[in-house]
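# Per-entry structural report
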Amino acid sequence: MSNRPASGQSRNAWVPSYGNDGIRDDPDLCSDSQVYMGGDKSRNTARKSSAKSPEGSGGPLGAIKRAVRALWATRQTEETRADRELYVKTTLRELVIYIVFLAVICAITFGMTSTTMYYYTKVMSDLFLDSSYSSSGATFRTLTSVEDFWKFAKGPLVNGLYWEEWYNGNAITEADDLGYIYYENKLLGVPRLRQIRVHANSCQVHEDFQNFITECFDEYSSGMEDKEPFGPYYDPSAENYTAWVFKSESALEGSSHWGLIDTYSGAGNVQNLQSTKNGSMEIIDYLEKNLWIRRGTRALFMDFSVYNANINLFCIIRLLVEFPATGGAIPSWTFRTVKLIRYVTVGDYFVLACEVIFCIFILYYMVEEAIEIKKHKLSYFKSFWNILDILVILISIICVAFNVYRTMAVDEKLKSLLDSPDIYMDFERLSYWELRFSNAIAIATFFAWIKIFKYISFNKTMTQLSSTLGRCAKDLAGFFIMFIIIFLAFTQLGYLLFGSQVKDFSTFLNAFFTLFRIILGDFDFHQLERVKSDMANQKNEFEIADYFKRGYQKMLDKLNFKRDKIVDIQKALKSADINQDKRVDFDEWRQDLKTRGYADGEIEAMFAKYDRDGDRVLDEEEQRRMQADLFEQKAALNKEYDELEGKRPGTGRRSSSRVSFDESGEESDDEDSGTKSSRTGRTTNVSYEEFTVLARRVDRMEHSIGSIVSKIDAVLVKLEAMEKAKLKRRETMGKILDSITESDGTSDEMKREQMEKLVRDELERWDSETSMMSGRTGSRPDSGQKAGQEIEDALLNMDDYLNVM
């Protein structure tokens, strides 16, 4: 793939002794540290050998050999390390030639495709996949049953295949205008329906159901195909119908197809449609009426081809409906837009010229690589670039061969179609390999662009990529192995977790590619999220964490109840001795514990346990014994509580509730009902949570009542002070009036001054008394009114609490 310059130095590669003089001249096989040994002496020796060789003669044979040698000279066949100038010339020459080759292959690939292909595929897919066959908007994409298929076949399928009216509703009368889709795309031949069936009893029914299920139809496999005729094939009126007779893949010249569920052969029961809409509708109605699709049907193909002369493109269409053993129907489709007729326009003939030049280049590089293999033997294959050269050449040869075959096959098929326009012409296999051809050309072009680094490696900057990859190749290989192991593990995990619910994980291969898409950020997160939400909404039949948490809470409640019980009894011993005679009789004991909410039976049992002499009185010794027992029990409970707190799975809470004790002092607990049994005589069947809520409400109500009482007392004090002040003012006014009446000898002026002075003194005294009263009560003069409002509000709140209770 590189050229050899015509220089005297290059002729050293062709002397008989070349390759045996210890010189390694391959820049790709030798490291940069290897230097040509021999210097001028070696070059002089090589020149002398060249001068003595027959090639050094000036005859015609020598000139031809020199020309041939110069034509295929490369850095791997010439001694370029000894002559830097020769190395540069050879490299540049190879690069220029390769750039021409790259331009030719790009012209071919871009001449094979166009943006029109995408729009052609879109138009055809929209017509057959998105046309509705029911008022609910159902399309082929949403097809789910056999009934849906027949509705589609009699609706969007025949309507899309046969355009027998103009867009204004007038019938198309000219024969040349019939057979077009969208008035532009010629339907080639007639469409074909083909189904593949499995025979009855292809699977084994479990012995428990053999009396009820007489037939069993397994999933599809080529060995289980039903090849027997079925249905009304014997009916003379059905002679034109081939749908009831099985035909092999070779007879149909068909090919296998990779569906969503399985890979199907090219055989089956085949029925061609007609070239008119009415004729095709009759066939479809006949097949539906006689149950052509049956329980054994596993796949149904609808094949047809169209050609658009405006853009010189074929669209090969295959609609597939798979009927899995589970029941229902799963649709899929294939639209292949290809250019099977390659040479029509001037641009096409330009591409043809480029293809001829491409073939010449391939022959040139084949000879070049053969010379290099002959020179370096097996060491030739140690270079990455040499392997890439071989791959490009092999792919190119295959593409050239297919190009020739495709041209001949298309001509033959079109000739047969023109001779018999009412037959089905199968372009399926040809279009399949046409796409493989396009893929191969794309790969070859990719490798060709990568290979350009081989010819620009003389620059240090351009060799950074190759040198970096070469030095870390082992590390990359090790990382790749570890990555693949982990990746396959996650693939298996995703397949097992989501395979039954998410389409992207329905098969191991789908899960593999889905994970690659996830790495790139392209995946259906919402579908996975729905699966996760469904799993999250499922209620576990048994929550182990809740079980342990409930058990732990029960233990805490028991300990709290017992400890509160001990505290109550200790308080009762201190407060029950009302007369302070250091003796607690039963009446005092009963009265104290009654106020603490204990029942008579419980009080009697606890008292009798420590009343050894039965005199219904606890003396000092009996009280000390009770105190000692209570202290030991409380210490043991505290220790057990601390140990339980250290192991707690959640947050425990203390309970201020009471528990009942039997005669042995143990707590009564109804674990089956989940409620705490109350003391004798108290309300039962109340859960602990409800009791706690009610107790808190009672506490809040007691607090509110206390606040109300204190406010009422303050108001009463204020009212009493106000009443005293009113009496005092009345007394003062009486004194003023008396003093005025008694002073008859004084003048009016003196009486007025005396009255003013008394009134002023009285007002000052009132102000001082009012301020003193406000200071004592901590309120303003209008505090009485405010206190009344507060009392009213508090009473309303208390009424609310009573309603809640």
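Residues numbered from 1 in each chain as written. Predicted model: local features only at pLDDT ≥ 70, side-chain atom pairs only at ≥ 80, totals over all residues. Heavy atoms only, no water.

With that out of the way, let us pick up the confidence of the model for the protein. Residues of the protein with pLDDT of at least 70 account for 72%, and the chain-wide mean is 76. Here residues 776-781 is modelled with pLDDT under 50, and outside its nearest four sequence neighbours on either side it reaches six contacts, counting other chains as well. (pLDDT = per-residue confidence, 0-100. Contact = heavy atoms within 4.5 Å.)

For the rest of this paragraph, the subject is the state of the cysteines. A covalent bond between the sulfur atoms of two cysteines is referred to as a disulfide. Following the criterion strictly, the structure yields one disulfide and no others. The disulfide partner of Cys 203 is Cys 216, and the S-S distance across this bridge is 1.5 Å. With the S-S bond torsion at -100 degrees, the cross-link from Cys 203 to Cys 216 turns out left-handed. Of this pair, Cys 203 sits in the loop between β2 (185-197) and β3 (246-247) while Cys 216 sits in the loop between β2 and β3; the two residues are 13 residues apart in sequence, bridging distant segments of the chain. (Disulfide = S-S within 2.5 Å. Helix = DSSP H or I, 4+ residues; strand = E, 2+ residues; numbered from the N terminus.)

Attention shifts here to the pairing of strand β8 (residues 313-322). Counted residue by residue, β8 has ten buried out of ten residues, so it is predominantly covered. Taking every second residue as pointing to the same face, both faces of β8 are buried, with Leu 313, Cys 315, Ile 317, Leu 319 and Val 321 on one and Phe 314, Ile 316, Arg 318, Leu 320 and Glu 322 on the other. Where strand β7 (residues 297-308) meets β8, ten bridges bridge the pair, whose relative direction is antiparallel. When the bridges of β8 are listed, Tyr 307 appears paired with Phe 314. Hairpin connection, β7 to β8: the antiparallel pair is bridged by four residues, and Asn 312 has positive phi, about 55 degrees. Where β8 lies against strand β9 (residues 330-338), nine bridges are found, and the strand directions are antiparallel. (Buried < 20%, exposed > 50% of the residue type's maximum accessible area, 1.4 Å probe, protein only. Pairing = 2+ DSSP bridges.)

Turning our attention to a nonpolar patch on the surface. Together, Phe 480, Ile 481, Ile 485, Ile 486, Phe 490, Leu 493 and Leu 497 make up a nonpolar patch on the protein surface, roughly 720 Å² of accessible area in all. Relative to the assigned elements, Phe 480 resides in helix α13 (residues 473-498). Given the relative accessible area of 52%, Phe 480 is considered exposed. (Patch = residues over 30% accessible without salt bridge, like charges linked within 9 Å, V, L, I, M, F, W, Y side chains within 5 Å. Areas by Shrake-Rupley, 256 points an atom, 1.4 Å probe, with all protein chains shown as cover. Salt bridge = Lys/Arg side-chain N within 4 Å of Asp/Glu carboxyl O.)

We now examine the packing of aromatic side chains. Summed over all chains, the structure comprises 34 aromatic pairs. When the ring of Trp 163 is compared with that of Tyr 183, the centres are 5.3 Å apart and the planes differ by 80 degrees; the resulting orientation is edge-to-face. You can see Trp 163 sitting in the loop between α5 (146-161) and β1 (180-181) and its partner Tyr 183 sitting in the loop between β1 and β2, a full 20 residues away along the chain. Clustering of aromatic rings is evident, with ring pairs tying together Tyr 98, Phe 101, Phe 358, Phe 361, Tyr 364 and Tyr 365. (Phe/Tyr/Trp six-rings, centres within 6.5 Å; stacked < 30°, edge-to-face > 60°.)

Looking now at the nonpolar core. Judged by nonpolar contacts, the single largest core of 46 residues is most densely connected at Phe 128, Trp 292, Met 302 and Leu 319. For this core, the secondary-structure elements that each account for two or more residues are α4 (116-129), α5, β2, α7 (277-289), β7 and β8. With seven residues, α5 is the single largest residue contributor to this core. Setting aside residues up to four positions removed in sequence, Phe 128 forms contacts with Phe 140, Phe 152, Pro 156, Leu 157, Gly 160, Leu 161, Ile 181, Phe 304, Ile 317 and Leu 319. Counting 28 residues, the second largest nonpolar core, distinct from the first, contains Leu 102, Phe 358, Ile 393 and Ile 395. (Core = buried A, V, L, I, M, F, W, Y, C linked by side-chain atoms within 4.5 Å.)

Applying the stated criterion across every chain yields a total of 14 salt bridges. With its nearest N and O atoms 2.5 Å apart, the salt bridge here joins Arg 141 to Asp 130. Within this pair, whereas Arg 141 is found in the loop between α4 and α5, its partner Asp 130 is found in the loop between α4 and α5, the two being separated by eleven residues in sequence. One salt-bridge network, in which partners are shared between bridges, spans Asp 303, Arg 318, Arg 336 and Glu 428.

Taken from the UniProt record, the annotation "transmembrane region" (unreviewed entry) applies to residues 95-120, 341-366, 387-405, 437-456 and 476-499. From the first C-alpha to the last, residues 387-405 spans 27 Å; its make-up is 100% helix and 0% strand. From the first C-alpha to the last, residues 476-499 spans 32 Å; its make-up is 96% helix and 0% strand. (UniProt positions renumbered as here; feature names shortened; annotations may be inferred.)

Turning to helix α8 (residues 346-376), a few remarks are in order. An ideal rise of 1.5 Å per residue puts 45 Å on 31 residues; α8 measures up with 45 Å between its terminal C-alpha atoms. Trailing α8 by a residue or two, Lys 377 shows a phi angle of about 55 degrees, which is positive. (Expected span 1.5 Å × (residues − 1).)

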